[in-house]
Amino acid sequence: MADDVKKGPEGIDTAYVAHLARMVLSAEEVAEFQPQLEQVVGYVTKLQELDVSGIEPTSHAQPLSNVLREDAVREGLSCEQAMANAPHSMDGQFAVPKIVE
Amino acid sequence: MDNESMGFNFNSLTVHALQEQLQSGATTSVEAVTSLLAAIAERDGELKAYVTLDAEDALAQAAEADRRRADGEDAPLLGIPLAIKDVLNVTGQPCTCGSHILQGYIAPYDATAIAKLRQAGAVFVGRTNMDEFAMGGTTENSSLQVTHNPHDLDRVPGGSSGGSAAAVGGGIAVAALGSDTGGSIRQPASFCGCVGLKPTYGRISRYGLTAFASSLDQIGPMTHDVRDAALLLGAMAGVDPMDSSSVDCPVPDYTAALSGDLKGMTLGLPQEYFVKGVDPEVESAVRAAVARCRELGAEIREVSLPHTEYAIATYYVIATAEASANLARFDGVRYGRRAEGATDPIDMYGKTRAQGFGPEVKRRIILGTYVLSGGYHDAYYLTAQKVRTLIRRDFEQAFEECDALLSPVTPTPAYKIGEKVNDPLQMYLGDMFTATANLAGICGLSVPCGTTAAGLPVGLQIMGPAFGEEQILRVGHAYEQAEAGS
């Protein structure tokens with residue numbers, strides 16, 4: 001999977017990663033962000049200085065696991081409420097541009 | 001400007017003082033809200049702390065609170081007006097998160113913290129400005145407006161909860177809510193001269209708080225004094241079935257911990273937080289506060305948090321990684337704005353997100369996507385999670401010998417608007433003393449500890465172990481009362 005991301009001069013290809021994140025950036029934005037992101041990536045590379053072998057990763061601050069609740073029916077949003085914020089809807093469903101011609 | 005109106009001085013009016021006035025019948029919620037709205041009308045033109053204000057709705061809520069009281073009810077916050085950071089869902093109100101992409105969104109439900117405050121009788125007066133999606137430390141990243149520091153209008157109020165801090169510090173809110181992912185409550189509280197509390201991760205449900213970094217985010221109060229912070233924390237804390245990361249741990253009466261002395265307490269000074277780069281005026285204000293704590297009976301001890309210098313790198317990998325996943329939901333399908341003229345869904349996502357997000361949010365989404373992508377995940381994200389373990393252990397060790405830790409909140413007081421906005425890395429480094437508490441999942445309190453020669457507020461940070469809110473509130477309160485009495 002290493003070739004998922006094309007390497008820029010400092011390892012980050014702003015336009016390509018933006019595409020992966022589904023953002024169409026202008027050429028001006030790419031030019032502005034590229035050096036800023038290179039600087040930040042360069043800074044966080046500092047983490048490589050530490051020897052972390054044998055250290056467990058922390059994904060969560062509290063030691064909680066398998067939090068379960070009863071699988072009971074409860075009140076949720078009505079269809080009307082759920083659709084109220086949709087930019088485009090049709091017959092109680094979210095409408096999007098055509099996916100398959 | 002004295003912000004006095006009908007006998008209320010909103011520069012210092014606390015929740016508990018107003019509570020007493022409402023309980024004794026000396027005033028009503030409608031009177032308090034009416035004069036607060038007048039104070040806002042007078043001062044918010046220059047502060048620009050509020051992004052949404054619905055006077056009619058606020059007065060209707062206040063009238064309802066007064067009716068409930070007339071019916072014999074005495075809920076703990078009945079009729080108390082609060083300002084809410086624009087990141088928390090309140091039924092029927094907008095929730096823009098400071099972003100164009102949520103333009104037009106009306107919340108269809110209450111966040112759990114809001115529902116609890118509503119149950120306790122609070123009145124939601126208005127919504128406050130913030131850095132877009134809580135990403136920033138100046139509130140300049142808001143897509144809506146620039147908020148000004150009440151102590152110097154040319155300076156930033158801090159961020160991301162800058163609107164809430166400016167409203168409380170500027171005397172146009174009794175108390176407010178913020179959210180804190182890497183310092184976003186404590187840092188603006190320190191810049192604007194108010195109290196800010198970041199509770200322990202899991203203490204307050206995050207349900208209905210628009211997610212930035214799910215393993216770091218916490219809701220917290222921003223207030224005129226420590227007692228108010230204790231009151232509001234108590235009203236919002238507790239486990240919630242809607243947030244599986246909330247912790248089932250008893251909620252004490254936090255105000256009972258406010259003893260006024262520090263006898264028998266050991267307070268640590270992390271040496272890595274008193275270093276070159278800390279503004280001398282900030283350091284001397286914090287050192288004076290430490291001396292005051294010693295006078296109040298605390299034993300002061302130097303401690304070390306050796307991985308502090310890796311905190312910012314760790315934070316910006318983890319926070320952006322989580323943000324890139326959380327912000328994927330803003331795609332123009334279910335809510336908010338959608339770009340016009342897209343030919344297919346992929347095109348629609350790309351254009352909607354490009355038009356809807358501001359530059360800092362875009363930068364962080366790109367960085368987060370990058371550190372999670374194939375070939376880089378282990379080097380950046382997994383390594384950062386391991387360093388997070390080391391940072392957490394540093395604190396666990398320090399709390400074996402200390403009840404709480406004292407430090408500056410920020411290396412500098414509030415800086416000029418525009419000074420750092422084009423230098424993301426410099427801006428990120430300002431979070432060095434606050435982001436650690438989020439990474440470790442512990443609690444932290446910011447309490448005003450004097451001003452610089454130029455009149456800018458300085459904040460004392462008091463950090464406590466997980467679920468150690470009683471300790472840090474006790475320290476903050478004893479210090480604050482001693483200063484007020486001196």
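Residues numbered from 1 in each chain as written. Chains lettered and ligands numbered in written order. Predicted model: local features only at pLDDT ≥ 70, side-chain atom pairs only at ≥ 80, totals over all residues.

**Q** Hey, could you run me through the overall build of chain B in this one?
**A** The secondary structure content of chain B amounts to 15 helices and 13 strands. Relative to its length of 486 residues, chain B is compact, with a C-alpha radius of gyration of 21 Å against a globular reference of 23 Å. The dimensions of chain B, computed from C-alpha atoms along their principal axes, are 65 × 55 × 45 Å. For chain B, the proportion of its 486 residues judged to be buried stands at 63%. (Helix = DSSP H or I, 4+ residues; strand = E, 2+ residues; numbered from the N terminus. Rg over C-alpha atoms; globule rule 2.2 N^0.38 Å. Buried ≥ 20, exposed ≤ 12 C-beta atoms within 10 Å, placed from the backbone.)

**Q** Help me out: how do you make sense of the interface of chain A and chain B in this one?
**A** Interfaces are frequently sized by the accessible area removed from exposure as the parts join. Across the boundary between the two partners, chain A contributes 49 residues, which contact 58 residues of chain B. Looking at the side of chain A that touches chain B, the elements with two or more residues in it are helix H1 (14-20) and helix H2 (27-44) of chain A. With 7 residues, the single largest contributor to the side of chain A that touches chain B is H2(A). When grouped by side-chain class, the residues that make up the side of chain A that touches chain B number 32 nonpolar, 11 polar and 6 charged. (Contact = placed C-beta atoms within 7 Å. Nonpolar A, V, L, I, M, F, W, Y, C, P; charged D, E, K, R; others polar.)

**Q** Just checking my understanding: could you explain the confidence of the model for chain B for this structure?
**A** Caution applies to low-pLDDT parts of the model: their predicted coordinates are not meant to be read in detail. Taken over all residues, the pLDDT of chain B has a mean of 96, while the share at 70 or more is 99%. Predicted complex metrics record ipTM = 0.93 and pTM = 0.96. (pLDDT = per-residue confidence, 0-100.)

**Q** Mind showing me how you'd approach the packing of helix H8 (residues 280-295) of chain B against helix H15 (residues 469-485) of chain B here?
**A** The relative placement of two packed helices comes down to the angle between their axes together with the axis-to-axis distance. Residues and elements named next belong to chain B. One way to put it is that H8 packs onto H15 with a least axis distance of 10 Å and a crossing angle of 100 degrees. Of the possible angle classes, the one that applies to H8 and H15 is roughly perpendicular. Residues Ala 289, Arg 292 and Cys 293 of H8 pack against Val 475, Tyr 479, Ala 482 and Glu 483 of H15. Its residues assigned to classes, the contact of H8 with H15 comprises 5 nonpolar, no polar and 2 charged. (Axes fitted to C-alpha atoms, helices over the stretch in contact; angles between N-to-C directions. Parallel < 35°, antiparallel > 145°, perpendicular 65-115°, else oblique.)

**Q** Please explain the packing of H2(A) against helix H9 (residues 311-326) of chain B as it appears in this structure.
**A** The N-to-C vectors of H2(A) and H9(B) enclose an angle of 120 degrees; their axes lie 9 Å apart at closest approach. In terms of axis orientation, H2(A) runs oblique to H9(B). Every pair of crossing elements has a handedness; the one defined by H2(A) and H9(B) is left-handed. Contacts from Val40(A), Tyr43(A) and Val44(A) in H2(A) reach Ala313(B), Tyr316(B) and Val317(B) in H9(B). A breakdown of the residues in the contact of H2(A) with H9(B) according to their chemical character gives 6 nonpolar, no polar and no charged. (Left-handed = near helix turned anticlockwise from the far one by under 90°.)

**Q** Could you clarify how one ought to interpret H8(B) in this entry?
**A** Residue and element names in this part refer to chain B. End to end, H8 covers 23 Å across 16 residues, agreeing with the expected 22 Å (1.5 Å per residue, within 8%). Of the positions making up H8, those classed as buried are Val 282, Ala 285, Val 286, Ala 289 and Cys 293. The arc enclosing the buried residues of H8, seen along the axis, measures out at 95 degrees, which places them on a common side. With respect to the buried face of H8, the exposed residues turned more than 90 degrees away are Pro 280, Ala 291 and Glu 295. Residues of H8 that are buried sit in contact with strand E9 (266-270), strand E10 (299-303), strand E11 (404-408), strand E12 (443-451), strand E13 (457-464) and H15. Just beyond H8, the residue with positive phi is Gly 297, at close to 110 degrees. (Expected span 1.5 Å × (residues − 1). Arc of directions from axis to C-beta.)

**Q** Quick question: what am I supposed to make of the pairing of E11(B) here?
**A** The two faces of the sheet receive side chains in turn, since in a regular strand these alternate between them. All names here are of chain B. For E11, the tally of buried residues reaches 5 of 5 residues, placing the bulk of the element in the interior. Summarising the sheet, E9 and E11 pair through 2 bridges and their orientation is parallel. Its bridge partner being in E11, Gly 268 is matched across the sheet by Leu 405. Of the pairings in the sheet, the one linking E11 to E13 comprises 4 bridges and is antiparallel in character. In the strand pairing of E13, Pro 408 is matched with Leu 460. (Pairing = 2+ DSSP bridges.)

**Q** When you look at the nonpolar core in this model, what are you seeing that I'm missing?
**A** The nonpolar side chains of a soluble globular protein tend to be buried, and buried together. Of all hydrophobic cores here, the largest spans 172 residues; its most connected members are Leu82(B), Leu88(B), Val123(B), Ala176(B), Val317(B) and Val475(B). The biggest single contributor to this core is H9(B), with 10 residues. Residues contacting Val317(B), with those up to four places away along its chain left out, are Val44(A), Val371(B), Tyr380(B), Tyr381(B) and Ala384(B). (Core = buried A, V, L, I, M, F, W, Y, C linked by C-beta atoms within 7 Å.)

**Q** It is not clear to me how helix H4 (residues 112-119) of chain B should be interpreted in this structure. Could you clarify?
**A** Side chains that are three or four residues apart share a direction in an α-helix, a result of its 3.6 residues per turn. All names here are of chain B. For H4, a buried count of 6 out of 8 residues is recorded, marking the element as mostly surrounded by other parts of the structure. Those residues of H4 lying buried are Thr 112, Ala 113, Ile 114, Ala 115, Lys 116 and Leu 117. Just beyond H4, the residue with positive phi is Gly 121, at close to 100 degrees.

**Q** Could you clarify how one ought to interpret the sheet that holds strand E6 (residues 175-180) of chain B in this entry?
**A** Strand-to-strand pairing in sheets goes through backbone hydrogen bonds, with the strands running parallel or antiparallel. Residue and element names in this part refer to chain B. Taken in spatial order, the 11 strands line up as E3-E5-E4-E6-E8-E7-E12-E13-E11-E9-E10 in an open sheet, and their pairing is mixed. Both outer strands of the open sheet, strand E3 (50-53) and E10, are each paired with one neighbouring strand and no more. Each adjacent strand pair in this sheet contributes to an overall mean axis angle of 30 degrees, direction not counted. As defined by bridge partners, E3 adjoins strand E5 (residues 123-128) across 3 bridges and the pair is classed as antiparallel. In the strand pairing of E5, Tyr 50 is matched with Thr 128.

**Q** Is there a simple way to explain unusual backbone geometry in this structure?
**A** What is expected of a backbone is that most residues other than glycine have negative phi and most peptide bonds are trans. Residue and element names in this part refer to chain B. The amide bond that connects Gly 159 to the next residue, Ser 160, takes the cis arrangement and shows omega of 5 degrees. Among the structural elements, Ser 160 can be located in the loop between E5 and helix H5 (162-169). A positive phi is found at Lys 48, a non-glycine position, where the angle reads about 55 degrees. With a phi close to 50 degrees, Phe 133 is a non-glycine residue in the positive phi region.

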